[in-house]
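Residue-level structure breakdown
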Amino acid sequence: MNIFEAIRKDHDIQRELLDRLVETSGDTKKRDELFQSLKNELQVHADAEERHYYKPLIDSDMMQEKARHGIAEHHEIDELVEKLEDTDYDSSAWLKIAKDLKHKVEHHLEDEEHKFFQLSGKVLSDNQKASLAKSYNNYMDSNR
C-alpha cells in the first residue's frame with residue numbers, strides 16, 4: 001500500500017459518514033453518533049495527513065503551496081465542526097452547516113485525489129510512498 005491508497009481509503013470513510021449525517025434530522029441519537037464519529041475521523045485523519053503526507057512535502061518547491069493550502073482547508077473544516085458543536089441538533093441551522101461541511105470536505109478530498117496526489121507522486125519516491133503509508137496507517141490505527 002502507498003500513501004495515496006491509505007489516504008483514499010479514509011476519504012471513502014469520510015464520504016460515507018457525511019452522506020449518512022446529512023440524511024439525519026432532529027436531536028436524535030443517530031445524528032449524535034454519526035456526528036461524533038465524523039468529528040473524530042476528520043480530526044485524526046487531518047493530524048495523520050499533516051504529519052505523514054503534508055510535512056514531507058513542505059520542503060518541495062513544487063508542493064509547498066499545495067501542502068499549505070491543504071492544511072488551511074483542514075482548519076476551515078475544523079471551524080465548521082466547531083460551528084456544528086455550538087448549534088443545537090434540532091436547529092434548522094444545524095443541517096445547513098452540516099451540508100456546508102460536507103461540501104467543504106468533499107472539495108478538499110477532490111483536490112487531494114485529483115491534484116495533490118499526482119503532483120506529490122512526482123516528488124516522493126516509491127520507498128517514501130510505502131513508508132509514509134505505513135506511518136500514516138499506524139497513526140490512524142492508534143488514534144481512531
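For clarity, every value in this text was computed on a predicted model and none was experimentally measured.

Basis of the calculations
Residues numbered from 1 in each chain as written. Predicted model: local features only at pLDDT ≥ 70, side-chain atom pairs only at ≥ 80, totals over all residues. Heavy atoms only, no water. Helix = DSSP H or I, 4+ residues; strand = E, 2+ residues; numbered from the N terminus. Rg over C-alpha atoms; globule rule 2.2 N^0.38 Å. Salt bridge = Lys/Arg side-chain N within 4 Å of Asp/Glu carboxyl O. Buried < 20%, exposed > 50% of the residue type's maximum accessible area, 1.4 Å probe, protein only. Phe/Tyr/Trp six-rings, centres within 6.5 Å; stacked < 30°, edge-to-face > 60°. Expected span 1.5 Å × (residues − 1). Bend = angle between axes of the 7 residues up to and from the residue. Axes fitted to C-alpha atoms, helices over the stretch in contact; angles between N-to-C directions. Contact = heavy atoms within 4.5 Å. Nonpolar A, V, L, I, M, F, W, Y, C, P; charged D, E, K, R; others polar. Parallel < 35°, antiparallel > 145°, perpendicular 65-115°, else oblique. Left-handed = near helix turned anticlockwise from the far one by under 90°.

1. Side note on the overall build of the protein chain
Looking only at helices and strands, the protein chain has 5 helices and 0 strands in total. Along the protein chain, from the amino end to the carboxyl end, the secondary structure elements read α-α-α-α-α. Relative to its length of 144 residues, the protein chain is compact, with a C-alpha radius of gyration of 16 Å against a globular reference of 15 Å. In terms of principal-axis extent, the alpha carbons of the protein chain reach across some 50 × 30 × 20 Å.

2. So, the pattern of salt bridges
Going through the model one piece at a time under the given rule, you end up with 13 salt bridges. A salt bridge links Lys104 to Glu76; its shortest N-O distance comes to 2.4 Å. Linking Lys104 in helix 4 (residues 92-123) with Glu76 in helix 3 (residues 64-85), this pair joins segments that are 28 residues apart in sequence. The closest approach of N and O atoms between Asp111 and Lys115, which form a salt bridge, is 3.5 Å. With Asp111 and Lys115 both in helix 4, this residue pair falls 4 residues apart, about one helical turn. Asp111 sits in the buried class, given a relative accessible area of 9%. Among the ionic contacts, a cluster of salt bridges with common partners joins Asp12, Arg15, Glu110 and Glu113.

3. Remarks on the packing of aromatic side chains
On inspection of all chains with the given rule, the structure shows 8 aromatic pairs. Judged by centre distance (6.3 Å) and plane angle (70°), the ring pair of Tyr54 and Phe116 falls under edge-to-face. Pair noted here: Tyr54 is in helix 2 (residues 29-57) and Phe116 is in helix 4, with a separation of 62 residues, a long-range link. Per residue, the accessibility class of Tyr54 equals that of Phe116, and both read buried.

4. Overview of helix 4
Each full turn of the α-helix corresponds to 3.6 residues, which orients residues three or four apart in the same direction. With 32 residues, helix 4 should reach 46 Å at 1.5 Å per residue; the first-to-last C-alpha distance of 45 Å fits that figure. Remark: the principal bend of helix 4, roughly 45°, maps to Phe116.

5. Some words on the environment of Asp88
Within the secondary structure, Asp88 sits in the loop between helix 3 and helix 4. Sequence separation between Asp88 and Ala67 is 21 residues; the distance between their C-alpha atoms is 34 Å.

6. Details of the packing of helix 1 (residues 3-21) against helix 5 (residues 126-143)
Each pair of packed helices can be described by the angle between their axes along with the distance between the axes. Two numbers describe how helix 1 lies on helix 5: the axes approach to 7 Å, and their chain directions differ by 30°. Between helix 1 and helix 5, the residues in contact are Ile3, Phe4, Ala6, Ile7, Lys9 and Asp10 and Lys129, Leu132, Ala133, Tyr136, Asn137 and Met140, respectively. In terms of residue class, the contact of helix 1 with helix 5 is built from 8 nonpolar, 1 polar and 3 charged.

7. Details of the packing of helix 2 against helix 3
Packing of helix 2 against helix 3 brings their axes to within 10 Å, and their N-to-C directions diverge by 165°. The angle between the axes of helix 2 and helix 3 places the two elements in the roughly antiparallel class. Read as a crossing pair, helix 2 and helix 3 show a hand that is left-handed. For the pair helix 2 and helix 3, the contacting residues are Phe35, Lys39, Leu42, Gln43, Ala46, Glu49, Glu50, Tyr54 and Leu57 in the first and Gln64, Lys66, Ala67, Gly70, Ile71, His74, Ile77, Asp78, Val81, Leu84 and Glu85 in the second. Of the residues in the contact of helix 2 with helix 3, the class split is 10 nonpolar, 4 polar and 6 charged.

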